[in-house]
Amino acid sequence: MVDEVILLGYWPSTFGVRTRIALEEKDIKFDYREQDLFNKSSLLLEMNPVHKKIPVLIHNGKPVCESLIQVEYIDETWPGKIPLLPSDPYQRAQAKFWGDFIDKMVPGLVRLMWGAKGEEQEAGKKEFIEMLKTVESELGDKTYFGGEAFGYVDIALIGYYCWFDAFEKYGNFSIEAQCPKIIAWAKSCIKRDSVAKSLPDSEKVTELVPELKKKMGIE
């Protein structure tokens, strides 16, 4: 039986990028279907009735929701390819800890980007930078978070890279000045075919922000 793999996504989504990269790393053919988050399709609502959000991975008609769960599912479903998570239980647990930590950066970014002003926006920026510095300390001098092996934690974080220019523009700061090792790591990641093919263009993402704010009623 040939696997039917469908990915419901939204092109600038930091989360949808994760699933695309994981599928590309495993060399899995998939049907990508772009979604309008302001006019959600019946398929999206049917496949993710609880959160009604992207990305949704549909494997032989069965939906898997939440991007990091999808990355783990892809790794377990197609184990013969490049492993994305360590086989050692402790290292695996550590990778999942850092994936969860990276997702906890989102509230600070929401305050930085989407509607907060003045002190609240500054607090969001400070929170994001502090958390990114913590992630950078875990990276250290390694090529990837897993050492020489690209994997789960790299996939968890790299989707944010296409938004860095927008964060800097709207937050009026330099990520490279604060976290130079993260930028060097990201530049290594985008040399991988899986990342280069999946990551949106940062300039297009930055140009999209005013339109998104207007649709969200922020500006």
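Residues numbered from 1 in each chain as written. Predicted model: local features only at pLDDT ≥ 70, side-chain atom pairs only at ≥ 80, totals over all residues. Heavy atoms only, no water.

- The name given to the chain in an unreviewed UniProt entry is Glutathione S-transferase, with Brassica carinata as the source organism.
- Database annotation for the chain, UniProt heading Catalytic activity (unreviewed entry): "RX + glutathione = an S-substituted glutathione + a halide anion + H(+)".
- According to the UniProt record, the Subcellular location (unreviewed entry) comment for the chain is "Cytoplasm, Cytosol". (UniProt positions renumbered as here; feature names shortened; annotations may be inferred.)

**Here's the deal with the overall build of the chain**
At step 1: Per the secondary structure count, the chain includes 12 helices and 4 strands.
At step 2: The C-alpha radius of gyration computed for the chain amounts to 17 Å, which stays within 12% of the reference 17 Å derived for 219 residues, consistent with globular compactness.
At step 3: Seen through its principal axes, the chain has C-alpha atoms that stretch 55 × 45 × 25 Å.
At step 4: Looking at the chain as a whole, 46% of its 219 residues qualify as buried.
At step 5: The contacts of the chain with a sequence gap of at least 6 include a subset with a gap of at least 24, amounting to 69%.
At step 6: Of the roughly 11,100 Å² of accessible surface on the chain, 52% is carried by carbon and sulfur atoms. (Helix = DSSP H or I, 4+ residues; strand = E, 2+ residues; numbered from the N terminus. Rg over C-alpha atoms; globule rule 2.2 N^0.38 Å. Buried < 20%, exposed > 50% of the residue type's maximum accessible area, 1.4 Å probe, protein only. Contact = heavy atoms within 4.5 Å. Areas by Shrake-Rupley, 256 points an atom, 1.4 Å probe, with all protein chains shown as cover.)

**Focus: the nonpolar core**
At step 1: In terms of nonpolar packing, the biggest core is built from 67 residues, with Phe-128, Leu-157, Phe-164, Phe-167, Ile-182 and Trp-185 touching the most fellow members.
At step 2: Residue-level mapping places this core at the junction of two domains, with at least three residues from each of domain 1 (5-77) and domain 2 (89-215).
At step 3: Among all residues touching Trp-185, those that are not within four sequence positions of it are Leu-139, Thr-143, Tyr-144, Phe-145, Asp-154, Leu-157 and Ile-158. (Core = buried A, V, L, I, M, F, W, Y, C linked by side-chain atoms within 4.5 Å. Domains from an automatic or database assignment.)

**Section: the pairing of strand β2 (residues 31-34)**
Within a regular strand, the side chains alternate between the two sheet faces.
At step 1: As defined by bridge partners, strand β1 (residues 5-9) adjoins β2 across 4 bridges and the pair is classed as parallel. Bridging from a neighbouring strand, Gly-9 pairs with Glu-34 of β2. (Pairing = 2+ DSSP bridges.)

**Points about the environment of Trp-185**
At step 1: Locating Trp-185 in the fold gives a position in helix α10 (residues 180-189).
At step 2: In terms of polar contacts, Trp-185 uses its side chain to reach the side chain of Asp-154, at 2.8 Å. (Polar contact = N/O pair within 3.5 Å; in protein donor to acceptor, adjacent residues only side chain to side chain.)

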